[in-house]
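# A look at the structure
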Amino acid sequence: QLAESGGALVRPGQSLTLSCTAPGSPLEFVAVAWFRQAPGKEREGVACVRGSDDRTMYADSVKGRFTISRDNARNTVDLRMNNVEIEDAGVYFCAATRSQYVCSVQTGALYDYWGQGTQVTVSS
C-alpha cells in the first residue's frame, strides 16, 4: 500500500515536495514512479526511479525542474518540484513495482501498486 503526501496550493514559480511512502514495507530497491492527472486529461508519467540502481527518468515537460529521489531513512520516494507551472496542476500518484529494472514514464501498466493521490493546485 502506498501513500502520497505533500500536495498543496502553490503559486507559479514556487517549489513543492511530494512524498510517497509504504507503511510497513521498505521502498529501498523498489521501482517507484510518479504520475499525474489533470482534470479532463489522461494520466501521464512524470518521473521514475529504478529499483536496481536508482537510475531516473523524467518526462520532457518536467526535466530540469523536478527531481525524484529516495530517502531511505524516512522510507520515502520524494518528488521535488521546482519552478512549478500552471500546467503542473493535478492529482499526483505514486506507483511501485518489485520489478527492479522498471523505470517508465510512458505507461503505468508496468506498476503494480498505486497510492490514492495527492492534489497539487497551481494558481496565482
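Residues numbered from 1 in each chain as written. Predicted model: local features only at pLDDT ≥ 70, side-chain atom pairs only at ≥ 80, totals over all residues. Heavy atoms only, no water.

Turning to its location among the elements, aspartate 53 is positioned in the loop between β5 (44-49) and β6 (56-58). When its relative accessible area of 43% is taken as the criterion, aspartate 53 is described as partly exposed. Linking aspartate 53 and alanine 89, residues 36 residues apart in sequence, is a C-alpha distance of 30 Å. In terms of polar contacts, aspartate 53 uses its side chain to reach the side chain of arginine 50, at 2.7 Å. Of the polar contacts made by the side chain of aspartate 53, one reaches the backbone nitrogen of arginine 55; its length is 3.0 Å. (Helix = DSSP H or I, 4+ residues; strand = E, 2+ residues; numbered from the N terminus. Buried < 20%, exposed > 50% of the residue type's maximum accessible area, 1.4 Å probe, protein only. Polar contact = N/O pair within 3.5 Å; in protein donor to acceptor, adjacent residues only side chain to side chain.)

Let's shift gears to the packing of aromatic side chains. Evaluation of the coordinates by the stated rule reveals two aromatic pairs. Where phenylalanine 35 meets tyrosine 111, the ring centres are 5.8 Å apart and the plane angle is 75°; that geometry is what we call edge-to-face. On the criterion of sequence distance, the pair formed by phenylalanine 35 in strand β4 (residues 31-37) and tyrosine 111 in the loop between β9 (90-97) and β10 (113-114) is long-range, its members being 76 residues apart. Taken individually, phenylalanine 35 and tyrosine 111 each receive the classification buried, so the pair is uniform in this respect. Relative to tryptophan 114, the ring of phenylalanine 35 lies with its centre 5.1 Å away and its plane at 50°, an arrangement referred to as tilted. Highlighted residues: phenylalanine 35 in strand β4 and tryptophan 114 in strand β10, separated in sequence by 79 residues. Through a chain of ring-to-ring contacts, three or more aromatic side chains come together here, namely Phe35, Tyr111 and Trp114. For arginine 43, the ring lying beneath its charged end belongs to phenylalanine 35, and the centroid distance is 5.5 Å. (Phe/Tyr/Trp six-rings, centres within 6.5 Å; stacked < 30°, edge-to-face > 60°. Lys NZ or Arg CZ within 6 Å of the ring centre and 35° of its normal.)

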